[in-house]
Amino acid sequence: EDEGLRLSLMRQVLRRLPSRALIQGLNPQLRSSACAAQHLGVCRLPRQSVLSCRLLSSIPAGSSETPPPENLTPEEEAAAADKIIEEAVAAEKAAEAKAGDPEKTLGAMGVLPGLGLGGVFPGAPAREYSGILWFDNVFPHRIHRADFRFMLNAFDVRELLRQLGKRVYVSKVEVRDKEGGLFVYFASSELDTEEVQAKILNILKTSKKSSLLTAGTIRSHLVRGKPFLEDLLASYPSNKIVVKYPGATLSKEVLYNTFREFGKMYDVEVLPQGKDDKINTAILTFKHIHGAIGARNCMHGARIGPDKVKVDISYEAILKPNAINDWFQKHPRIMIPLVAGLIALITYLVVDPLRVFFITNELTDRFRWGLRERFMQLLMRAAAASGWQQTENSADHMIRARDKLTARQNDLDQIRMLLSGDPGNVLFLTGAEGSGKSKLVKRAVENYKAVLVIDMHELDPCVDDEDFVAELTNQTGCFPGFSFSTILAHLAELGGISAKSVASSMTLDGKIQQVLHCLGYALQNVYRTQATKSMYHVPVLVFDNLSIEHMEKHNRFYHTLIEWASNISSQKFAHIVFVTDTQVHDEVVHKTLMEMDKKVTTVSVSDASEDEAVDFVRSALSYSRPSQPPPPDGDIRSAVVLLGGKFSELQMLVRKVQYGLSLQQASSDMVERAMFFLRTKGLGERLVADGGKQSLPWTKGQFWTVITRLSSKDHVLYDELVFHPLFRGDASALHAMVRADILQVVSEVGKPKVVKAAKPLYRAAFKRMLEQPALCSGMTWLTSRELAAVDQDKLVKAEEELKQLNSLKAAPSTFSVLCTFGLVHLFPPSQVSERKRWLMHRIATLHRKLEAEDSAQTRAMKLLRSLSPA
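Presented here is a report on the structure given in the accompanying data block. (Residues numbered from 1 in each chain as written. Predicted model: local features only at pLDDT ≥ 70, side-chain atom pairs only at ≥ 80, totals over all residues. Heavy atoms only, no water.)

Here the focus is the overall build of the chain. Helix and strand counts for the chain stand at 33 helices and 18 strands. Taking all 870 residues of the chain together, 43% fall into the buried category. Sequence separation of 24 or more characterises 74% of the internal contacts of the chain that already satisfy a separation of 6 or more. Summed over all atoms, the accessible surface of the chain reaches about 47200 Å², with 55% contributed by carbon and sulfur. (Helix = DSSP H or I, 4+ residues; strand = E, 2+ residues; numbered from the N terminus. Buried < 20%, exposed > 50% of the residue type's maximum accessible area, 1.4 Å probe, protein only. Contact = heavy atoms within 4.5 Å. Areas by Shrake-Rupley, 256 points an atom, 1.4 Å probe, with all protein chains shown as cover.)

Here it is, written out as structure tokens:
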């Protein structure tokens with residue numbers, strides 16, 4: 001309103017301008033000065049002044065020209081300003097004539113910031129009216145910071161604004177991608193703001209402009225307030241706005257009439273004002289979110305109502321930050337079942353199908369191209385074509401020689417025959433440790449297209465249930481695993497819900513059953529889609545390295561696994577193969593599967609015969625030492641008699657001979673090592689060295705009794721050992737030796753029949769232990785002592801019973817009392833006499849046994865003393 005102020009400001013700005021640098025670059029300092037001049041009212045100056053002020057933004061920062069001196073009079077300042085304005089107009093017209101397109105000219109001059117809509121059209125009239133337009137529904141409004149839909153929008157508002165012609169000047173465009181629109185700052189000397197708004201609405205109505213990814217057409221509103229241009233990350237638009245204002249309360253009618261132009265509303269709620277409140281609040285709920293966005297951007301800071309009160313408008317959050325947490329804590333009986341049902345639904349619809357998919361991939365290897373195998377095949381073919389042959393080492397030669405053994409080939413043929421039949425049975429491959437069971441199964445299933453091998457030995461080191469389940473899912477290819485349930489449990493704890501009721505309620509058994517359930521579905525899918533092609537497309541599931549120690553440690557898992565395997569065999573979807581030792585086979589088959597009436601087939605891996613073992617050792621030594629003659633067959637046979645036909649023992653013998661030992665030295669060394677193992681494991685010598693904190697599950701006398709009998713026989717009857725005086729009918733110690741890999745129990749028709757050494761090598765070690773005088777004498781003394789303790793206990797009981805019978809004879813009154821109570825029929829006089837005679841005979845027999853045992857202890861102790869050094 002002060003013309004002198006505007007002229008003074010304009011002169012101060014123009015005093016800093018060099019005259020020939022209007023189109024040579026940008027000067028941020030002068031640009032800010034020009035903007036300040038425009039906002040303070042320069043828009044009402046003549047046309048040339050407006051034009052020059054807007055061209056200030058294109059003046060470079062540095063210039064070689066000297067600015068006008070500081071001591072100019074007002075008249076001289078005005079003359080300098082007029083000269084600069086004339087030069088600016090001339091430069092602008094020259095650039096326009098040269099380029100032909102005013103927008104491209106100004107864009108080349110650097111005057112079009114942002115979207116290229118700022119600046120001035122050449123020849124624009126003097127500005128008399130200015131305002132801001134809000135264009136809504138240009139972009140999809142953002143609902144999250146990761147929402148990138150606005151980047152896919154290619155709408156160009158310049159095409160729309162060109163239809164207004166040169167009567168409207170656009171100075172700036174402010175894009176608001178979070179709210180899905182933009183602000184357009186404009187000015188005009190011919191049209192007021194309402195007329196400009198009307199023309200824009202007419203153009204939009206006629207053209208029905210719409211944008212990509214948005215519903216409806218683009219809308220425009222005139223901004224009547226001062227927009228709040230914020231970029232808060234936690235604030236996003238909603239269909240509710242909160243209107244705050246001071247002074248008297250506005251009626252619902254006033255608020256409705258003021259904000260109705262932005263869209264239909266559900267409700268207008270005027271909140272009651274408290275006694276001490278100076279700010280009134282109203283909440284407006286729009287039908288569409290674009291109405292709330294337009295009302296907030298156009299009316300924030302405007303003055304409304306009869307009293308022209310200034311309003312402050314903000315969005316009301318749809319949910320408060322802690323609303324979900326509060327709801328969970330206040331309604332646990334509703335939310336806990338709801339969350340559990342949601343987890344179950346997601347698991348059933350999404351997680352379980354994914355697990356079945358990945359388990360099927362693990363079964364069939366359908367996404368494995370086998371590039372390495374193909375490359376190696378091509379390499380071997382190229383080498384064979386060039387005449388080069390790979391040298392086979394001794395280990396590979398021994399493996400090939402083992403596979404050619406008659407017993408080995410018979411076992412392989414039997415397994416292949418069983419796998420080629422009905423998939424409804426369970427196959428148990430049993431044998432001692434080191435007999436090559438796992439490699440035999442791999443050879444038997446090498447031609448099958450769907451094979452899954454689960455190594456139970458890898459599950460044993462798992463320290464807790466989570467590690468156990470993770471290893472099981474890893475071997476089966478089950479993905480995703482169960483780690484997400486733990487995450488849900490932690491989130492539930494943070495929300496105030498017991499984790500036990502949400503995700504941690506899944507026990508180990510439940511997780512294992514889910515894995516086996518998905519594995520069963522995968523086997524079923526593969527069988528139904530592939531089994532019709534050939535027998536090699538029937539799925540084969542192998543559980544390798546089952547041992548009695550694993551069964552005792554993970555008893556629940558094995559029980560669940562065996563039940564699941566029996567169900568799969570009943571449905572005939574796959575061949576189930578268990579690779580176990582004999583003891584596991586006996587317990588699993590005859591205690592579990594036989595009770596379920598399941599069809600079970602057992603294949604025991606056979607050792608090589610004596611002649612085949614001799615041929616094997618001779619062939620391996622001849623191949624590994626081609627320059628040396630093979631040992632005599634007599635020496636080889638003597639070593640084989642000691643070691644038996646177990647491949648692992650024969651292989652160890654060959655390696656020791658390769659290292660320079662003779663056959664006799666190698667076999668003797670192996671016997672010595674076996675004897676050390678037996679003394680450590682069976683007699684607990686390592687426990688004694690460690691302080692004796694642990695105890696053996698059997699006594700030393702029981703162990704010595706077993707090895708004494710097995711040293712002279714290939715096997716001993718099971719009942720003979722169980723009912724020995726030291727075992728007293730309790731087979732727990734015997735089975736503990738089986739679990740320790742010392743003994744082997746052979747069953748027949750589901751019942752234990754004979755007991756053998758776990759390895760033929762152990763028989764030689766038993767004999768070697770009996771040949772050591774000191775050890776034999778000491779163990780004889782300990783065994784006699786344990787037997788004497790047993791007989792002494794029996795003797796004490798017999799003497800006590802005889803004493804009681806004698807007391808009955810010496811006190812007839814007591815006997816008559818017993819008769820009074822009707823108990824005389826238990827001990828009639830004749831039976832008492834017979835019982836006494838039997839007890840006296842037993843006492844005499846036990847006394848003689850005690851004398852013999854005492855003599856044996858005395859002889860053993862004398863021998864030990866004679867063997868001790870002086």
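With that settled, the discussion passes to the sheet that holds strand β18 (residues 751–757). With antiparallel pairing, three strands are arranged side by side in an open sheet as β16-β18-β17. Since the sheet does not close on itself, it has two edges, and those belong to β16 (715–717) and β17 (743–748), each with one partner. With strand direction ignored, the average angle separating the axes of adjacent strands in the sheet is 30°. Here six bridges tie β17 to β18, and the two strands are oriented antiparallel to one another. Note that in β18 the partner of L743 across the bridge is A757. (Pairing = 2+ DSSP bridges. Axes fitted to C-alpha atoms, helices over the stretch in contact; angles between N-to-C directions.)

The next subject is helix α25 (residues 663–682). Over its 20 residues, α25 extends 28 Å from the first C-alpha to the last, a length consistent with the 28 Å expected when each residue adds 1.5 Å. Within the sequence span of α25, burial applies to L663, A666, S667, M670, V671, A674, M675, L678, T680 and G682. Just downstream of α25, G684 is the residue with a positive phi angle, here 70°. (Expected span 1.5 Å × (residues − 1).)

Okay, the packing of aromatic side chains next. As enumerated under the stated definition, the model contains 11 aromatic pairs in all. Ring geometry for F428 versus F578: centroids 5.0 Å apart, planes at 20°, classification stacked. Residue F428 is located in strand β11 (residues 426–430), and its partner F578 is located in strand β14 (residues 575–580); the two are separated by 150 residues in the primary sequence. By the burial criterion, F428 is buried, and F578 matches it. Between F543 and W564, the ring centres sit 6.5 Å apart and the planes meet at 85°, which makes this aromatic pair edge-to-face. With F543 in strand β13 (residues 540–546) and W564 in helix α20 (residues 555–571), this residue pair connects regions lying 21 residues apart in the sequence. Residue class for F543 comes out buried when judged on its relative accessible area of 1%. W564 gets classed as buried once you look at its relative accessible area, which sits at 11%. Among the aromatic residues, those joined into a cluster by ring pairs are F428, F543, W564 and F578. Geometry around Y185 places K172 over its ring, the cationic atom sitting 4.5 Å from the centre. (Phe/Tyr/Trp six-rings, centres within 6.5 Å; stacked < 30°, edge-to-face > 60°. Lys NZ or Arg CZ within 6 Å of the ring centre and 35° of its normal.)

Burial of nonpolar side chains together is a common tendency in soluble globular proteins. One finds V617, F703, L734 and L743 to be the most contacted residues of the largest nonpolar core, which totals 55 residues. Examining the composition of this core, we find that seven residues originate from one element, α25, more than from any other. With sequence-adjacent residues up to four places away left out, V617 is seen in contact with I636, V640, L650, L653 and V654. (Core = buried A, V, L, I, M, F, W, Y, C linked by side-chain atoms within 4.5 Å.)

So, on to the pattern of salt bridges. Inspection of every chain in the model, using the stated rule, returns 25 salt bridges. Note that R224 and E261 form a salt bridge whose closest N and O atoms lie 3.2 Å from each other. Here R224, found in the loop between β4 (219–222) and β5 (240–246), pairs with E261, found in the loop between α8 (252–259) and β6 (265–270); they are 37 residues apart in sequence, far enough to count as distant. Residue E466 is joined to K511 by a salt bridge in which the shortest nitrogen-to-oxygen separation is 2.8 Å. (Salt bridge = Lys/Arg side-chain N within 4 Å of Asp/Glu carboxyl O.)

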